[in-house]
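A closer look at the structure
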Amino acid sequence: MIHQGGSRARGRPGTGRQASPKLDRIALTDAQWDIYQAGWQGDTRFRVAVCGRRFGKALSTETALRMPDGWTTMAEIREGDRLFDDLGQPCRVRFISEIMTGRPCNRIAFDDGVEIVADDEHSWTIASWSGPETLTTAQIAARLHAAPDEVLTVPACRALSLARYASSGRMVPDGVAGSIEQRRLMLRMLVRCSAPDGNWLTVIPGGTDDAVAIVGLLRSLGLCPSATRIAERSGIRWQPGSRSRRIVSVLPVASVPVRCLQVDSASRLYLCGDGLVPTHNTFLMTEEIRRAARLAVQRRIGTENEIWYAAPTFLQAKRVMWSRLKKTIPARWLDGRPNETICAMTLRSGHVIRLVGLDAFENLRGSGLWFFGGDEWADCRPEAWSEVIRPMLSTARGHALFVGTPKGFDHFRDAYLLGQPGGDPSYRSFMFTTLNGGNVPPAEVDAARQQLDARTFRQEYEASFETYAGRVIYAFSRAGNVRPVSYDATRPLHIGMDFNINPMSATVWQEDGIATWQIDEIVMPTSNTDEMATEIARRYGRTGFDPGKSMVDHITIYPDPAGAQRRSSAAGRTDIGILRHAGFVVVAGASHPPVRDRTNMVNRQFMSADGQRHAFVDPGCVRSIEAYERLIYRDGTNEPDKGSGHDHLVDATGYYLFGRTLRLPGKKFSASQFMER
């Protein structure tokens, strides 16, 4: 669960007067408040919060996003892509939601001319007369409607760190590159050419390209330029000391497709729009750490008992929490500067707050613990708790909070069960679905139910622990998905292909606009890509101008991305190169899609969470049907059993369905993200 808000304590650790460890109720959703309120009460020492996904804060798919080497949009962004956070530092996209439609949308207009379309639930960090706040778009609109003269501003970002991306000499579309120092030098040169007007500076650009470059330069340094006119000429003006932009209006607009994403920046902020406006998710754990620090002083806990925030890796912990923690813990509480190397801070009371990664938990033994906050707990190694963390909490009878999304029958589920009736009285567990979180409207959840397979929907939106024992393609059934279908020579063909010498495997599909139909399968033992290409052309090639050569440009192949490097021919050509040379359209990702994502996509097509079936198989595809029914998970893992031989045809279908979904009409891909002839 994540939230930024919270009241500021007036006292500080180490003084005789202590603030009450209470949090402003308005700062949290009902679900978050239940978790917070249950802490440090009675015999409960260990809280377990199992949460559904909270994709409820979406931007228009046309929103521009600044990358280190150029621009992209919310429609085109990919997991793993780099954006910038509010500190001007690169951050990675950790998760992207489905594109959502039918949601109430608004256009937020700022005083520098920047406009962004967002849904009602999107969150913004704003500054007002009462201090910083986190408000949704709808809340901002209500505030301005009630008090039109109220000044609400959004802080600008800090200067973008572009130095490491400028050495190649590659210029991004807005013409902005170079280190912060180089761009500040350019700014000083620009100032010399500018006309002062009170606190403002104005410059007249030489043309459109010049104007784009000037605006890009100013925004990359955290400034907020706006358009103006001087003597009938277009100009650009800015205030050198201004680091924020005022919200001038929030007006409803017709609903547009929207999307939301999560990044690994320390603040959970990322920059959106061509104006580089910071926007974000928020975080609860910082308030838990503040409360633990106050209580450690109030209860005179020994200073050898530390306060920890933990993530699966140290790098992840640092990215997620360090900058935020430094903002949350008041400087007057600290004894000296925080240690940037080990991500630790010592309070004036002598207590230590520290960030740790659990990938090397064996090195963490030594001190006692007063509070432990474990984030993404399902991704952490279970031995870290039993061998290190739990014994360290014994010294001072410390407390712990575990937060995460379910990922099967694992240690996170075991901890959750301990907090249920009949379990361990020192545990208390919570389970909140996405709707419980209060940030996602029912319409979006209904849309997800149509777009996801049943198991993934239950796990991600209903916070359900799903076992991965049994069948991998569990949504497939002979009764529901096996139907006779004939090859339609007037329609294009789509072929999923798994590169494997023994056997080479392919599944052949056609689409009718509503459903997709597997009409054939090709399994060739001890073969190669040249032979597979020849066989496809023999079966489905069309007669062209050359009677001796079949036309195959109506056939699109979605192969294993490994074929871009794998060379199975005597001439040293890559598998994908062979297919392209044979005349096929080839669509292949630059890297393997995660097995779980590919599997979820196949299950979703065979039957989505709302019971609808979109993929069907002809009964003549005997081996495919057997593979869909008999591929199982290896015991005790969420990995398919590749020793059975049933995985090749399933993989082939997965490459097609996953690749085809990414290649919807109107989608754009850069060469680094997708390769296509």
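The structure reproduced in this document is the subject of the present report. (Residues numbered from 1 in each chain as written. Predicted model: local features only at pLDDT ≥ 70, side-chain atom pairs only at ≥ 80, totals over all residues. Heavy atoms only, no water.)

1. Observations concerning the overall build of the protein
We apply this condition: Secondary structure elements follow DSSP: runs of H or I of four or more residues count as helices, runs of E of two or more count as strands, with numbering from the N terminus. The rule is simple: take the accessible area with a 1.4 Å probe, protein chains only, and divide by the maximum for that residue type; under 20% is buried, over 50% is exposed, in between is partly exposed. Residues are treated as being in contact if the distance between any of their heavy atoms lies within 4.5 Å. Computed by Shrake-Rupley with a 1.4 Å probe, the accessible areas treat only the displayed protein chains as cover when residues are assessed.
Broken down by element type, the protein carries 17 helices and 35 strands. Taking all 677 residues of the protein together, the buried fraction comes to 54%. Within the protein, contacts between residues at least 6 apart in sequence are counted, and of these 68% link residues at least 24 apart. Accessible surface, the protein: about 29,400 Å² in total, of which carbon and sulfur atoms supply 51%.

2. Here we look at the environment of Ser123
Structurally, Ser123 is set in strand S9 (residues 123–128). Sequence separation between Ser123 and Thr136 is 13 residues, and the spatial gap between their C-alpha atoms is 4.3 Å.

3. Focus: a positive patch on the surface
Heads up, the condition is: Like charges within 9 Å and nonpolar side chains (Val, Leu, Ile, Met, Phe, Trp, Tyr) within 5 Å are joined into patches, using only residues over 30% in relative accessible area that form no salt bridge. The salt bridge criterion pairs a side-chain nitrogen of Lys or Arg with a carboxyl oxygen of Asp or Glu, the two atoms within 4 Å. Asp and Glu count as negative and Lys and Arg as positive, but His and the ends of the chain are not part of the count. The location of each charge is read from NZ of Lys, CZ of Arg, CG of Asp or CD of Glu.
Residues Arg184, Arg188, Arg192 and Arg243 make up a contiguous surface patch of positive charge. Among the structural elements, Arg192 can be located in helix H4 (residues 180–192). Given the relative accessible area of 66%, Arg192 is considered exposed.

4. Focus: helix H16 (residues 622–630)
The cut-off we apply is this: Working definition: the arc comes from the directions between the helix axis and the C-beta atoms, pointing outward to the latter.
Here H16 has its buried residues at Ser624, Ile625, Ala627 and Tyr628. Here the buried residues of H16 occupy an arc of 160° about the axis, which is enough to place them on one side.

5. Some thoughts on helix H9 (residues 411–418)
Worth spelling out the cut-off: Pairs of N or O atoms are called polar contacts if they sit within 3.5 Å, as long as, within protein, a hydrogen donor faces a hydrogen acceptor (for residues adjacent in sequence, only side-chain-to-side-chain pairs).
Regarding H9, the residues found buried are His411, Phe412, Ala415 and Tyr416. Projected onto a plane normal to the axis of H9, the buried residues spread over an arc of 145° and lie on a single side. Looking at the buried residues of H9, the elements they touch are strand S1 (46–51), strand S25 (399–404) and strand S26 (427–432). Near the N-terminus of H9, the side chain that reaches the backbone nitrogen of Phe412, with its oxygen 3.2 Å away, is that of Asp410.

6. Brief notes about the pairing of strand S8 (residues 115–119)
Remember that side chains alternate between the two faces of the sheet whenever the strand is regular. Applied cut-off: At least two DSSP bridges between two strands are needed for those strands to be called paired.
The buried fraction of S8 amounts to 4 of the 5 residues, a majority that puts the element mostly inside the structure. Two successive antiparallel strands, strand S7 (residues 105–110) and S8, enclose a turn made up of 4 residues, where Gly113 displays a positive phi of approximately 95°.

7. Details of the nonpolar core
We count it as follows: Throughout this description, the term nonpolar core refers to a set of buried Ala, Val, Leu, Ile, Met, Phe, Trp, Tyr and Cys residues connected via side-chain atoms within 4.5 Å.
Judged by nonpolar contacts, the single largest core of 35 residues is most densely connected at Tyr309, Leu325, Ile353 and Trp370. At the level of secondary structure, the elements contributing two or more residues to this core comprise S1, helix H6 (285–298), strand S21 (305–311), helix H7 (314–328), strand S23 (352–357), strand S24 (368–374), S25 and S26. The dominant element in this core, judged by the number of residues it contributes, is H6, at 6 residues.

8. Topic: unusual backbone geometry
Even without glycine at this site, Glu376 takes up a positive phi of about 50°. On the secondary structure map, Glu376 appears in the loop between S24 and helix H8 (383–394). Although it is not a glycine, Thr526 sits at a positive phi angle of roughly 45°. Of note, Thr526 is situated in the loop between strand S29 (516–524) and helix H13 (529–540). Given a relative accessible area of 61%, Thr526 falls into the exposed group.

9. Details of the packing of aromatic side chains
Short version of the rule: Each Phe, Tyr or Trp ring, with Trp reduced to its six-membered ring, pairs with another whose centre is within 6.5 Å; inter-plane angles below 30 degrees give stacked pairs, above 60 give edge-to-face pairs, and intermediate values give tilted ones.
A complete count under the given rule lists 15 aromatic pairs for this structure. A ring pair is formed by Phe46 and Trp385, whose centres lie 5.5 Å apart and whose planes are at 85°; its orientation type is edge-to-face. Placement of the pair is Phe46 in strand S1 and Trp385 in helix H8, with a sequence separation of 339 residues. Judged by relative accessible area, Phe46 falls into the buried class, the value being 1%. Judged by relative accessible area, which is 15%, Trp385 ranks as buried. Measuring from centroid to centroid gives 6.2 Å for Phe372 and Phe402, while their planes differ by 55°, and the two rings are tilted.

10. Observations concerning the sheet that holds S25
The following threshold applies: Between N-to-C directions, angles span 0 to 180 degrees; the directions come from axes that are lines fitted to C-alpha atoms, helices contributing only their stretch in contact.
Sheet architecture is open: 7 strands sit in the order S22-S23-S21-S24-S25-S1-S26, paired in mixed fashion. Unpaired on one side and paired on the other, strand S22 (344–346) and S26 mark the two borders of the sheet. Shown here is a sheet whose adjacent strand axes are inclined to one another by a mean of 15°, direction ignored. Where S22 meets S23, 3 bridges bridge the pair, whose relative direction is antiparallel.

11. Concerning the pattern of salt bridges
According to the stated counting rule, one finds 20 salt bridges in the structure shown. Across the pair Lys642 and Asp647 runs a salt bridge, and its minimum N-O distance is 3.5 Å. For Asp647, a relative accessible area of 4% gives the class buried. Look at the salt bridges and you will find they share partners, linking Asp520, Glu535, Arg538 and Arg539 into a network.

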